[in-house]
Structures are given as structure tokens and as C-alpha cells.
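The chain contents come next:
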Amino acid sequence: MSKLIYLDNAATTKVHPKVLEAMLPYFSEEYGNPSSIYSFAGKSKKAVEDARETIAKFIGAKTNEIYFTGGGSESDNWALKATAYAKKDKGNHIITSAIEHHAVLHTCEYLEKNGFEVTYVGVDENGVIKLDELKAAIRPTTTIISVMFANNEIGTIEPIKEIGEIAKENDIVFHTDAVQAYGHIPIDVEELHIDMLSASGHKIYGPKGIGIMYLRNSLKLGAFIHGGAQERSRRAGTHNVPGIVGFGKATELAKETMEERAAYEIKLRDRLIDGILEQIPHSRLNGHPTDRLPNNVNISFEFIEGESMLILLDQKGVCASSGSACTSGSLDPSHVLLAIGLPHEKAHGSLRLTLSEEITEEDVDFVIEQVKANVERLRSMSPLYEDFLKSQK
Ligand SMILES: *Cc1c(COP(=O)(O)O)cnc(C)c1O
């Protein structure tokens, strides 16, 4: 059995041993409900509030601007739905981008069915949002702009500061889905004029099922989950104490190691990109060449199906992802790859490899070798490639 080479860290990450260690007591001895009065529950309450403070400081927010949620998807739903309904008197118009995560896009579709109007701003060939198009989309009735910090498929980092300034000048709430950026690249909500931000534990070596919503104090929004008085009565439900503690610890580790980890990942990322592009003809990098997440590689290969590549890589213990059909459960290729202008065939032949600190140079070289062999093998079976070769003669 070959070694596992996990290159799907954009999908989820392994819980760091120190995170697990920090969480464990809160499953057993320290099981008190943080909302209880007696002193036994005090330790749980303190653990929750310490995590909140760590997270707030990490993104330049105030402690009481951080709300714990059940993950990135919930935070995205909260941001869009709560703002849309709270600002209904001002208008019914929402602006987002064409390359958002489905947690944002499907929430927007739901809102469209309920009387709201949504503009989906396009991106350029590198996946960078078109700021002119964004500015032109603004109406007197626009209440929220939601644009992701960094894209989960192609790794492109968006011009968040510029978007924040545009939103501020026009008195529009600015939400960013920072699930892929948080803990990977620096974020300061003040400097970037962010009003609402979503992040998730399991993308930064924390546990699944825990997220945060940063909500600027000046925004007056009602409850999203109705019930008890937890989270300043805005997100009811007994606190997920182990999850919160884990997210706090993962944030603390991110703060300590982010810079070093990013430098290491960028080195491996570029080795992987250069190796593949140099050794495999008819391949192209998707996403911005430099303004991209330190751990993201996304490459399209002509004349192959991404699905088949994933199956062959899996046989060698390599976990990867693709922007093609079945993985997403639909027949259409990734909306992100289509938005950057890839035709369907090229979008189907894409491969996403997302790194972590555990990956070595040897792993990268092994993967390049495997990808190369698989592309050759798949092309040798492709009638399209055969036609292409004939046309070249
Ligand atoms: C993973 C992800 C989400 C969803 O987060 P969950 O915690 O899994 O609900 C949302 N947005 C982006 C960009 C993501 O990568």
C-alpha cells in the first residue's frame, strides 16, 4: 500500500494534534453548559470567550463582533439573508460574483425566488472580479455586496480592499466569504473595510461543524437562529464548546505559523505548477499566477476527463479534486472554470491540488510524475486527441 498523499486541503484539513488535545477535555470532564450560572460551567464559558478573543484579534475585530456558527455555509446564509431582510426598506438588490461558493450562490438563488434581485459580477481570465462591472452594478437599492476573499477552486485572491472601499463610499454592507483565506493569508477587517466575514474551522486544521461570523457592531441585524440568548441573542443554540475551543486553538496556531507555512507552501506550489506545465503539453494554469492562495494549484489538461485522472491518482494514494462533472454531483463543469472563460472540454479536464505543511518535495515530484503518466495514458485512449494529432500532420 502506497503512502497517502493528501492534496485536497481546500475540501477539508486534518485536525492538528494540538487542536485535538485542546478540545478533548471539553468532550468529557469539562462538559458544563457555558450559559449556566454555577461555577462548574465557568471553565466552559471562559474557554468559549478566550477563543472568541483570539479569533477577534486575529482579524482586527472587537471581541463582541465574533459570533460562533455551525460552519462557513451557515455564516454565508446568515450574512446574505439577514442583511437582505433587514435592509428591505432601502432596497432589494444584492451584488455578488459569478465565482462564489455554492453557500453564497444558492442562497442568492433562494433570495431571488423571494423577491430580491441579484447581479452576478463577472471575473477576468485569472478569476479576478471586474471592478468596473461591480461599480456599474450598484443601484440606489443595493444593500449588500458579497465577494469571496479567495476562491476555493482556482485560488485567486480578490481585491478585497478596493471592494471594501467601493462598498463604503456607496453606503452598502460588504460581506466576504473568507473561508479559504482565513488562517492562510493576513486579514484585517478594519483596513479592508469588511462589515461581515465568514470563516470555518475545518479549512485551517480545526474541526468540522464550527464557523464564525464577524459582524460589525454598527450593523443592526436581528436574530438568525431564534431560541435562547446565546451569541447576543442572534444565533441561538447551546455552544459547541469543543468545536469553539478547537477553532480558537487552530487560529492561535495559524497566527504563529501562517507566514512560515505560506512560504513553504508557495515553494512547493510553484514547483508543482512549473513541473506540470513544463512536462505536460497542452496544459494550462487556472487562476491568478501570483495573487493566489499559497497552497492552491489548479491546472487544465486538454483531451482528458478530470474524473478519470482522480481515479488513477487515487490508485496511487493521491487525493485530489477536479472541476469536472460527477464530483459536484451535476453534469455541468465548475461554474468557476466557466466564468474564467474555459470552454466545457477544458473545464472538464481540470485538476485541483491543494497543499499542506505535511507535503514534501518528494511528494510533489512523485505527483508530477504520476500526473504526467496518467495524462499520457488517458490521451492515448482519447479519440479527440487522436483527431488532434492527425490534424497536426
Ligand atoms: C468550504 C467552504 C465553505 C463552506 O464551509 P463549511 O464550513 O464547510 O460549511 C464556504 N465557502 C468556501 C469558499 C469554502 O471553501
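This text goes with the structure placed above it.
Right, let's walk through the structure included here. Just so you know, these numbers come straight off a predicted model, no measurement behind them. (Residues numbered from 1 in each chain as written. Predicted model: local features only at pLDDT ≥ 70, side-chain atom pairs only at ≥ 80, totals over all residues. Heavy atoms only, no water.)

Quick notes on the overall build of the protein chain
We apply this condition: We count a stretch as a helix when DSSP gives it H or I for four or more residues in a row; a strand needs E for two or more, and each element gets its number in order from the N terminus. The size measure is the radius of gyration over C-alpha atoms, and the globule rule it meets is 2.2 Å times the number of residues to the 0.38 power. Burial status follows relative accessibility: with a 1.4 Å probe on protein chains alone, a residue under 20% of its type maximum counts as buried, one over 50% as exposed, and anything between as partly exposed. In what follows, a contact means two residues having at least one pair of non-hydrogen atoms within 4.5 Å. Here, Shrake-Rupley sampling with a 1.4 Å probe gives the accessible areas, and only protein chains in the shown set may cover a residue. Charged-residue counts in this description rest on Lys and Arg as positive and Asp and Glu as negative, His and the chain ends being excluded. To locate a charge, take NZ of a lysine, CZ of an arginine, CG of an aspartate or CD of a glutamate.
Each helix and strand in the protein chain was counted, giving 13 helices and twelve strands. Rg of the C-alpha trace for the protein chain: 22 Å, near the compact-globule value of 21 Å for 393 residues, within the 12% margin. Burial statistics for the protein chain: of 393 residues in total, 55% are counted as buried. Excluding contacts between residues fewer than 6 apart, the proportion of contacts in the protein chain whose partners are at least 24 apart in sequence is 71%. For the protein chain, the exposed area adds up to about 17,100 Å²; of that, 53% sits on carbon and sulfur atoms. Looking at the protein chain, you have 42 positive and 56 negative side-chain charges, and the mean spots of the two groups are 3 Å apart.

Notes on helix α8 (residues 241-279)
Rules: To estimate the expected span of a helix, count its residues, drop one, and scale the result by 1.5 Å. Consider a residue and the seven residues that end there alongside the seven that start there; fitting an axis to each set, the bend is the angle between those axes.
With 39 residues, α8 extends only 49 Å from end C-alpha to end C-alpha; this falls clearly short of the ideal 57 Å at 1.5 Å per step. In the structure, α8 departs most strongly from a straight axis at T257, where the bend amounts to approximately 65 degrees.

Quick look at the site of the ligand
Worth spelling out the cut-off: Any residue with a heavy atom lying within 4 Å of a molecule or strand is counted as near it. Nitrogen and oxygen atoms within 3.5 Å of one another constitute a polar contact, given that in protein one can donate a hydrogen and the other can accept it, and given that sequence-neighbouring residues count only through two side-chain atoms. Polar here means any residue other than Ala, Val, Leu, Ile, Met, Phe, Trp, Tyr, Cys and Pro, which are nonpolar, and Asp, Glu, Lys and Arg, which are charged; Gly is therefore polar.
Neighbouring the ligand are 13 residues; S73, D177, Q180, S200 and K203 lie closest to it. At 2.6 Å from a nitrogen atom of the ligand is found a side-chain nitrogen or oxygen belonging to D177. Taking Q180, its side chain carries an N or O atom lying 2.7 Å from an oxygen atom of the ligand. Within the complex, 88% of the 380 Å² of free accessible area of the ligand lies under protein. Per-element accounting of the shell around the ligand gives the leading share, three residues, to helix α3 (residues 72-86). The class makeup of the residues in the shell around the ligand is two nonpolar, eight polar and three charged.

Looking at the pattern of salt bridges
Where we set the bar: Salt bridges are defined by distance alone: a side-chain nitrogen of Lys or Arg within 4 Å of a carboxyl oxygen of Asp or Glu.
Enumeration over the complete set of coordinates arrives at 19 salt bridges. E117 is paired through a salt bridge with R139; the nearest N and O atoms lie 2.7 Å apart. Taken together, the residues span a long stretch of sequence, with E117 in strand β4 (residues 117-121) and R139 in the loop between α5 (131-137) and β5 (142-146) at a distance of 22 residues. Given the relative accessible area of 38%, E117 is considered partly exposed. The closest approach of N and O atoms between E302 and K346, which form a salt bridge, is 3.9 Å. Of this pair, E302 sits in the loop between β10 (296-301) and α9 (306-315) while K346 is found in helix α11 (residues 344-348), placing the two residues 44 residues apart along the sequence. Taking the relative accessible area as the measure of exposure, E302 reaches 27% and is therefore partly exposed.

Observations concerning the layout of surface pockets
The probe, sized like a water molecule, is rolled over the atoms to show the empty space still left. The condition that has to hold: The pocket and cavity definitions rest on a 1 Å grid over protein atoms only: a 1.4 Å probe that fits but cannot leave marks a cavity, an open set with protein on both sides within 12 Å along at least five of seven lines marks a pocket, and residues lining either have an atom within 4 Å of a point. Grid points are joined across faces, edges and corners, and a volume is the space filled by probe spheres set on the points.
In this structure, the second largest pocket occupies an estimated 430 Å³ of space. Along the walls of the second largest pocket sit 25 residues, with K14, Y205, S356, E357 and E358 positioned nearest its centre. Elements supplying a minimum of two residues to the lining of the second largest pocket: β1 (5-6), α1 (17-23) and α8. With six residues, α8 is the largest single contributor of residues to the lining of the second largest pocket. When the residues that make up the lining of the second largest pocket are grouped by side-chain class, the tally is eleven nonpolar, six polar and eight charged.

Describing the sheet that holds strand β6 (residues 173-177)
Basically, it comes down to this: Strands are treated as partners if at least two bridges between them are detected by DSSP. Inter-axis angles, ranging from 0 to 180 degrees, are taken between N-to-C directions of lines fitted to C-alpha atoms, where helices are fitted over the stretch in contact.
The mixed open sheet is built from seven strands, whose spatial order is β2-β8-β7-β6-β5-β3-β4. Each of the sheet's edge strands pairs with one partner strand only, and the pair in question is β2 (66-69) and β4. Sheet twist, expressed as the mean angle between neighbouring strand axes with direction ignored, is 20 degrees. In terms of strand pairing, β2 meets strand β8 (residues 211-215) through four bridges, oriented antiparallel. Within the sheet, the bridge partner assigned to Y67 lies in β8 and is M213. Packing against the sheet, α3 makes contact with β2, β3 (93-97), β5, β6, β7 (196-200) and β8, and its axis sits at approximately 160 degrees to β7.

Comments concerning the pairing of β4
The test is simple: When the strands point away from the viewer and the connection leading from the first strand across the helix to the second strand turns clockwise, the crossover is called right-handed.
Examined bridge by bridge, β3 and β4 share five bridges and lie parallel to one another. For I94, the partnering residue across the bridge sits in β4 and is V118. Traced from β3 through helix α4 (residues 102-112) to β4, the parallel crossover comes out right-handed.

Brief notes about the packing of α3 against α4
Quick note on the threshold: Comment on the angle field: the value is read as roughly parallel under 35 degrees, roughly antiparallel over 145, roughly perpendicular from 65 to 115, and oblique elsewhere. Here a crossing is taken to be left-handed if its near helix is turned anticlockwise relative to the far helix by less than a right angle, and right-handed if that turn runs clockwise.
One way to put it is that α3 packs onto α4 with a least axis distance of 9 Å and a crossing angle of 30 degrees. Considering the angle they form, α3 stands roughly parallel to α4. Crossing of α3 against α4: the hand is right-handed. Judged by residue contacts, S73, D76, N77, L80, K81, A84 and Y85 of α3 engage A103, V104, T107, C108, Y110 and L111 from α4.

Such coordinate-based values are descriptive only and should not be taken to indicate function.
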